[in-house]
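# Understanding the architecture of this molecule
Listed here are the chains, written in short residue letters.
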Amino acid sequence: MKLSLVAPCYNEEENVKEFCACVKECFAGKIDDYEIVFVNDGSRDKTLERLRELTKLESPAIQVVSFSRNFGKESAIYAGLTRARGDMVCVIDADLQQRPETVLEMVEILDTCPETDCVCAFQQKRKESKLLSGLKSMFYKIINKLSDVNFVNGASDFRLMRRSMVNAVLSMTEYHRFSKGIFSWVGFNTKFIPYEAAERQHGSTKWSPLKLFKYAMEGIIAFSTAPLKFVTFLGFLSTFISFVYMIITVIQKLCFSIDVPGYASIIVLLLFMSGMILFCLGIIGEYLAKMYVQLKNRPIYIEKEYLENEKKSKDE
Ligand code: UDP
Ligand code: MG
């Protein structure tokens, strides 16, 4: 099989059929040997029913992995990559904001450049508020400073990979998955091409500001230990300052018999220091919590149902 499209779906009942039709129309006469791997990430609407109907079609080849609950897009991508059979695999959203025409462009690049292993699409212009755009740019600046892995501003999960890279991504079985980091961590030659995200036709985005913030924090913790170093630095700095202050106080008392008036400064210092200690404990706790969950070695997702085109599976 030449190409697999991995499409995570969460409450996309109005989009999946259109997505399939769109891919079929766009690929007609250009690529025939392809499949679509839909991952139903615990949708609460009729997405699974729609996907079941799609598997009744003779073409294109379709696989449907249905989760027992919502595990998140990152887990859905992992499940899709696990099932994909293609020599090239493309991760693409099922909401048609990422167009199949761009996939054709990507395939052409991999076909013509043997040394390129991955083509990643990035949004040059974001159709979102200036504030959100600015915050996202700031996140990329911070994470690039803190992490050894390079993150490209605007680069999405929308990318086409060769089999060797897919296998590398699958070999990373961590529970807290931050795909943007994983794709970059595994290396390989990646080419970036610009794309413009289309408007969402149906349904709504699953990313609230709070979810985005949590996702950003996950990314920093998953791909950098800089916050822990920051804790060490803070500890060192406060020890140094208190040592200097102690010497000054002793000299004042012994040499000049100055009584250092204390109550207000002690209260302020006490509150400041306990705040800082709790803050540092929080940072350490974040890492500890991630380790705790990882140590339990729970599966990344749970598959409740698996479907593929009926005729095809009988042939095999
Ligand atoms: N998605 C998913 N699980 C989730 C959230 C989202 O599988 O928990 C899928 C969603 O169905 C879509 C893709 O991930 O196909 C991108 O989500 P969305 O369109 O909400 O993100 P945006 O395009 O707004 O960044
Ligand atoms: Mg979308």
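Summary of the structure given here. (Residues numbered from 1 in each chain as written. Chains lettered and ligands numbered in written order. Predicted model: local features only at pLDDT ≥ 70, side-chain atom pairs only at ≥ 80, totals over all residues. Heavy atoms only, no water.)

### So, the packing of aromatic side chains
Condition: Note on aromatic contacts: the rings of Phe and Tyr and the six-membered ring of Trp form a pair at centre separations within 6.5 Å, being stacked when their planes are under 30 degrees apart, edge-to-face when over 60 apart, and tilted otherwise. Think of it this way: any DSSP run of H or I at least four residues long counts as a helix, any run of E at least two long counts as a strand, and we number them from the N terminus. Only protein chains enter the accessibility calculation, which uses a 1.4 Å probe; a residue whose area is less than 20% of its type maximum is buried, one above 50% is exposed, and one in between is partly exposed.
Applying the stated criterion across every chain, the model contains 13 aromatic pairs. Ring geometry for phenylalanine 151 versus phenylalanine 178: centroids 6.0 Å apart, planes at 50°, classification tilted. One end of the pair, phenylalanine 151, is in the loop between helix H5 (130–146) and strand S6 (155–162); the other, phenylalanine 178, is in the loop between helix H6 (163–170) and helix H7 (179–185), with 27 residues separating them in the sequence. The residues phenylalanine 151 and phenylalanine 178 share a single accessibility class, namely buried. Site record: aromatic cluster; members linked through ring pairs are Phe151, Phe178, Trp207, Tyr215 and Phe223.

### A word on the sheet that holds strand S5 (residues 118–123)
Basically, it comes down to this: Only strands joined by at least two bridges in the DSSP assignment are considered to pair. Inter-axis angles, ranging from 0 to 180 degrees, are taken between N-to-C directions of lines fitted to C-alpha atoms, where helices are fitted over the stretch in contact.
Here we have eight strands laid out as an open sheet, ordered S7-S5-S6-S4-S1-S2-S3-S8, and mixed in their pairing. The open sheet has two edge strands, strand S7 (190–195) and strand S8 (303–308), and neither has a second partner. Each adjacent strand pair in this sheet contributes to an overall mean axis angle of 20°, direction not counted. Pairing geometry for strand S1 (residues 3–9) and strand S4 (residues 88–91), over four bridges, is parallel.

### Overview of the coordination of the magnesium ion (ligand 2)
To keep things clear, this is the line we draw: Note that water is not among the atoms used; donors are N, O and S atoms within 2.8 Å of the metal (3.2 Å for Na, K and Ca), so sites may look incomplete.
Surrounding the magnesium ion (ligand 2) are the protein donor atoms Asp95 (OD) and Gln97 (OE1), which sit 1.9 Å from the metal. Given the relative accessible area of 22%, glutamine 97 is considered partly exposed.

### Re the site of ligand 1
Definition in use: Whether a residue is near a molecule or strand depends on its heavy atoms: if one lies within 4 Å, it is near. Each polar contact in these results corresponds to two N or O atoms within 3.5 Å; when the atoms are within protein, one needs to be able to donate a hydrogen and the other to accept it, and residues that are neighboring in sequence are counted only if both atoms are side-chain atoms. Surface accessibility follows the Shrake-Rupley procedure with a 1.4 Å probe radius. Residue values consider only the protein chains on display as shielding.
As a matter of local geometry, ligand 1 sits amid 16 residues, with Glu12, Asp41, Asp95, Thr205 and Lys206 nearest to it. The contact in question runs from an oxygen atom of ligand 1 to an N or O atom on the side chain of aspartate 95, over 2.6 Å. In the complex, the protein chains occlude 87% of the 530 Å² of accessible area that ligand 1 would expose alone.

### A word on the packing of helix H9 (residues 226–256) against helix H10 (residues 263–296)
Rules: The labels follow the angle: roughly parallel below 35 degrees, roughly antiparallel above 145, roughly perpendicular from 65 to 115, and oblique for the rest. Crossing chirality is assigned from the near helix's rotation relative to the far helix, an anticlockwise turn below a right angle marking it left-handed and a clockwise turn marking it right-handed. Should any heavy atoms of two residues lie within 4.5 Å, those residues are counted as being in contact. By the convention adopted, Pro, Cys, Tyr, Trp, Phe, Met, Ile, Leu, Val and Ala count as nonpolar, Lys, Arg, Asp and Glu as charged, and the other residues, Gly among them, as polar.
Running from amino to carboxyl end, H9 crosses H10 at an angle of 155°, the nearest separation of the two axes being 9 Å. As far as their axial angle goes, H10 and H9 are roughly antiparallel. Relative to H10, the crossing made by H9 is left-handed. Mapping the contact onto sequence places Pro227, Leu228, Phe230, Val231, Leu234 and Ser238 in H9 and Met273, Met276, Phe279, Cys280, Ile283, Ile284 and Tyr287 in H10. Taken together, the residues of the contact of H9 with H10 sort by class into 12 nonpolar, one polar and no charged.

### A word on the environment of alanine 76
Counting through the fold element by element, alanine 76 comes out in helix H3 (residues 73–83). Taking the C-alpha atoms as reference points, alanine 76 and lysine 296, separated by 220 residues in sequence, lie 20 Å from one another. Apart from residues lying up to four places away in sequence, alanine 76 is in contact with Pro8, Val39, Asp41 and Phe67.

### A short note on the pattern of salt bridges
Test applied: Definition used for salt bridges: Asp or Glu carboxyl oxygen within 4 Å of a side-chain nitrogen of Lys or Arg.
According to the stated counting rule, one finds 15 salt bridges in the structure shown. A salt bridge links arginine 200 to aspartate 95; the shortest N-O distance between them is 3.2 Å. With arginine 200 in the loop between S7 and helix H8 (209–223) and aspartate 95 in the loop between S4 and helix H4 (100–112), this residue pair connects regions lying 105 residues apart in the sequence. Comparing arginine 200 with aspartate 95, the two get one shared label, buried. Between glutamate 101 and arginine 99 there is a salt bridge; the shortest N-O distance is 3.5 Å. The exposure class of glutamate 101 is partly exposed, given its relative accessible area of 41%. Of the residues examined, arginine 99 reaches a relative accessible area of 27% and is grouped as partly exposed.

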